[in-house]
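In case you want the letters, here they are:
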Amino acid sequence: MTFELQSSTTAAAEQLHRKLAALGQDGYDLAACERYAAQIDEINRLKAERGAVVLAHNYQRPEIFEVADFIGDSLELARKAREVRGAEIIVFCGVHFMAETAKVFNPERMVLLPDRRAGCSLAESVTAEALAERKAELREIYPDLKVVSYVNCTADVKALSDACCTSANALKVAEAIDSEHVLFVPDQNLANYVQSQTRKQIISWDGNCYVHHQITPDEVNKVKRAIPGIKVLAHPECRTDVLRLADAVLSTSAMVRYAETSAADKFLVVTECGLSDRLLMEIPNKHFYKSCKLCRYMKMITLGGTLDSLRNLRFEIELPDDVRQGARRALERMLELGA
Ligand code: SF4
């Protein structure tokens, strides 16, 4: 019996090793994969025992994808969580504002974030107090002003917004909202991208995602020169001069769909590195070149931390009722306007 257990664990570790080693990254030797295979088994056992689901953002580590019930962008994941029957607990492998959004849509469920240090430079660039002040100032000048907040912000900022948006529907929401003047928080690059396509006045906030903001046109041009015909897919959180070089400007989930259905077989994925790992694992017959920019916040979530979170039910996300309801109103307005 003991022998059978050891050999099946080893077989699972070897299979995992083959899969993860194919990504061409350090840190996936057989010893590490043996440890991961044991943690994956234990996470799956606890998920069944506790009635839990694991949601993983596209930028997570490859081994986290192995225990995820759903992989996607933050909004897709929050909406998925609502649809899962019988799940009492949601373990959110992503960053804090995403776990908050999951809680907004699932107030009756326990939402856990495996590492409470997993924040976000973009979300941290705007506070509810600063937004309230700026909104009041601008309303003196533009009485019709409306606030659109990108979902990458905290729940109390969402609660002060007229509508939220994602990178996929930002333009649609800005166009549909009943105002000619839109204060767009917190990402200045996404605001500039929307401004380039609308006649409305978009007033941007001075925030950015440090991961996307550091990618330069030189880096993209180098790859384009080295690999003729490569399709460049860029995330709208990138700088305007990088977006100009892209064949398509897409959200992370739209990049997955684009790569699956495109006739092209070589792509430069200009966003956080984790998405390329997902693409390599899911579409092994195509080639994905990555920008090698890692989000330090996303990478704080580990398989060991996820196991600890499920085992000890930590760290729980809690939101005051007024914040939760205000954030939900802004998120639902987005769904109406961006549909
Ligand atoms: S990639 Fe950027 S926007 Fe996403 S969590 Fe990291 S810092 Fe925030």
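The structure displayed is predicted, hence computed values, not measured ones.

Some details on the site of the ligand
Phase 1 of the analysis: What surrounds the ligand is a group of 13 residues, the closest being Cys-120, Leu-122, Cys-209, Val-211 and Cys-295.
Phase 2 of the analysis: For the shell around the ligand, the per-class residue count stands at ten nonpolar, two polar and one charged.

Overview of the sheet that holds strand E7 (residues 181-185)
Phase 1 of the analysis: The strand order E6-E5-E7-E8 describes an open sheet built from four strands, whose pairing is parallel. At either end of the open sheet lies a strand with only one pairing partner, and these are strand E6 (163-165) and strand E8 (201-204). Neighbour to neighbour, the strand axes of the sheet diverge by 30° on average, direction disregarded.
Phase 2 of the analysis: Bridging between strand E5 (residues 146-150) and E7 involves four bridges; their strand directions are parallel. Bridging across to E7, Val-147 finds its partner in Leu-183.
Phase 3 of the analysis: Along the sheet, helix H6 (residues 128-141) contacts E5, E7 and E8; its crossing angle with E7, the most-contacted strand, is approximately 165°.

Observations regarding the domain arrangement of the protein chain
Phase 1 of the analysis: Domain boundaries in the protein chain define domain 1 (2-119 + 298-312), domain 2 (123-207) and domain 3 (215-290).
Phase 2 of the analysis: One C-alpha centre belongs to domain 1, the other to domain 3, and the line joining them spans 25 Å.
Phase 3 of the analysis: Of the residues assigned to the side of domain 1 that touches domain 3, the class counts are six nonpolar, three polar and three charged.

Quick look at the environment of Val-270
Phase 1 of the analysis: Its location among the elements puts Val-270 in strand E11 (residues 266-270).
Phase 2 of the analysis: Among the residues examined, Val-270 registers 29 C-beta atoms within 10 Å and is labelled buried.
Phase 3 of the analysis: When sequence neighbours within four positions are dropped, the list of residues in contact with Val-270 reads Ile-215, Val-220, Val-232, Leu-233, Ala-234, His-235, Cys-238, Val-242, Ala-246 and Ser-291.

Section: the packing of helix H2 (residues 30-50) against helix H15 (residues 303-312)
Phase 1 of the analysis: Contact pair H2 / H15: the axes reach a minimum separation of 10 Å and the direction vectors enclose 25°. When the axis of H2 is compared with that of H15, the two are roughly parallel. The two elements H2 and H15 cross, and the hand of that crossing is left-handed. For the pair H2 and H15, contact is made by Tyr-36, Gln-39, Glu-42, Ile-43, Leu-46, Lys-47 and Arg-50 and by Leu-303, Gly-304, Thr-306, Leu-307, Leu-310 and Arg-311, respectively.
Phase 2 of the analysis: In terms of residue class, the contact of H2 with H15 is made up of six nonpolar, three polar and four charged.

Rules used throughout
- Residues numbered from 1 in each chain as written.
- Predicted model: local features only at pLDDT ≥ 70, side-chain atom pairs only at ≥ 80, totals over all residues.
- Near = placed C-beta within 6 Å.
- Nonpolar A, V, L, I, M, F, W, Y, C, P; charged D, E, K, R; others polar.
- Pairing = 2+ DSSP bridges.
- Helix = DSSP H or I, 4+ residues; strand = E, 2+ residues; numbered from the N terminus.
- Axes fitted to C-alpha atoms, helices over the stretch in contact; angles between N-to-C directions.
- Contact = placed C-beta atoms within 7 Å.
- Domains from an automatic or database assignment.
- Buried ≥ 20, exposed ≤ 12 C-beta atoms within 10 Å, placed from the backbone.
- Parallel < 35°, antiparallel > 145°, perpendicular 65-115°, else oblique.
- Left-handed = near helix turned anticlockwise from the far one by under 90°.

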